Amino acid sequence: QVQVAESGGGLVQAGGSLRLSCAASGRTSRNYAMGWFRQAPGKEREFVATINWSGGTTYYADSVKGRFTTSRDNAKNTVYLQMNSLKPEDTAVYYCAARGNGNGSSQRDDYHYWGQGTQVTVSS
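The sections below set out a description of the structure shown in this document. From a predicted model like this one, the values you see are computed outputs, not experimental measurements.

Position of R19 relative to the elements: it lies in strand 3 (residues 18-25). Sequence spacing of R19 and Y80 is 61 residues, and the spatial spacing of their C-alpha atoms is 6.8 Å. Once residues lying within four places of it in the same chain are set aside, the contact partners of R19 are S7, G8, Y80, L81 and Q82.

Structure follows, in structure tokens:
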């Protein structure tokens, strides 16, 4: 069993930056691939970024490529999402998820454990 919890959301102006954190607990959490997803009001939850168990492989949605970076510190069982050059369309609840397979994935159904989400609001 792995539990994940996001933090770091908030209100920021367009062009600004935020860093989200995702703390994972569980004996084998460092072996899990992690993903970031987001859900805006009235929309489906969509993929943002993923990172494999070692942190050596990452993959991003086209909409955030070049602006967002995900990383992990396995010693701290924490994954990060650095978000730069934020746009109003990035406004959403951001979720962190853990996948038992150590390889990252962009598919929601591949993830077994989800956090409660953290709100990110970007004002224009």
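Right, picking up where we left off after that structure.
A word on the packing of aromatic side chains. Scanning the model with the defined rule gives six aromatic pairs in all. Taking 5.1 Å as the distance between ring centres and 55 degrees as the angle between the ring planes, the aromatic pair formed by F37 and W114 counts as tilted. Linking F37 in strand 4 (residues 33-39) with W114 in strand 10 (residues 113-114), this pair joins segments that are 77 residues apart in sequence. For F37, a relative accessible area of 0% puts it in the buried group. Judged by its relative accessible area of 26%, W114 falls in the partly exposed class. With a centroid separation of 5.8 Å and an interplanar angle of 25 degrees, the aromatic rings of F47 and Y59 are classed as stacked. Note that F47 is positioned in strand 5 (residues 46-51) and Y59 in strand 6 (residues 58-60), a separation of twelve residues in sequence. Take Y59: its relative accessible area is 48%, and that puts it in the partly exposed class. Above the ring of Y95, the side-chain terminus of R45 is found at 3.6 Å from the ring centroid. The ring of W114 is capped by R45, whose NZ or CZ atom sits 5.0 Å from the centre of that ring.

Scanning the model with the defined rule gives one disulfide in all. The partner cysteine of C22 in its disulfide is C96, sulfur to sulfur 2.0 Å. With the S-S bond torsion at -80 degrees, the cross-link from C22 to C96 turns out left-handed. Within this pair, whereas C22 is found in strand 3, its partner C96 is found in strand 9 (residues 92-99), the two being separated by 74 residues in sequence. Look at C96 and you get buried, because its relative accessible area is 0%.

Rules used throughout
- Residues numbered from 1 in each chain as written.
- Predicted model: local features only at pLDDT ≥ 70, side-chain atom pairs only at ≥ 80, totals over all residues.
- Heavy atoms only, no water.
- Helix = DSSP H or I, 4+ residues; strand = E, 2+ residues; numbered from the N terminus.
- Contact = heavy atoms within 4.5 Å.
- Phe/Tyr/Trp six-rings, centres within 6.5 Å; stacked < 30°, edge-to-face > 60°.
- Buried < 20%, exposed > 50% of the residue type's maximum accessible area, 1.4 Å probe, protein only.
- Lys NZ or Arg CZ within 6 Å of the ring centre and 35° of its normal.
- Disulfide = S-S within 2.5 Å.

Scope: geometric values only; no functional claims are made or implied.
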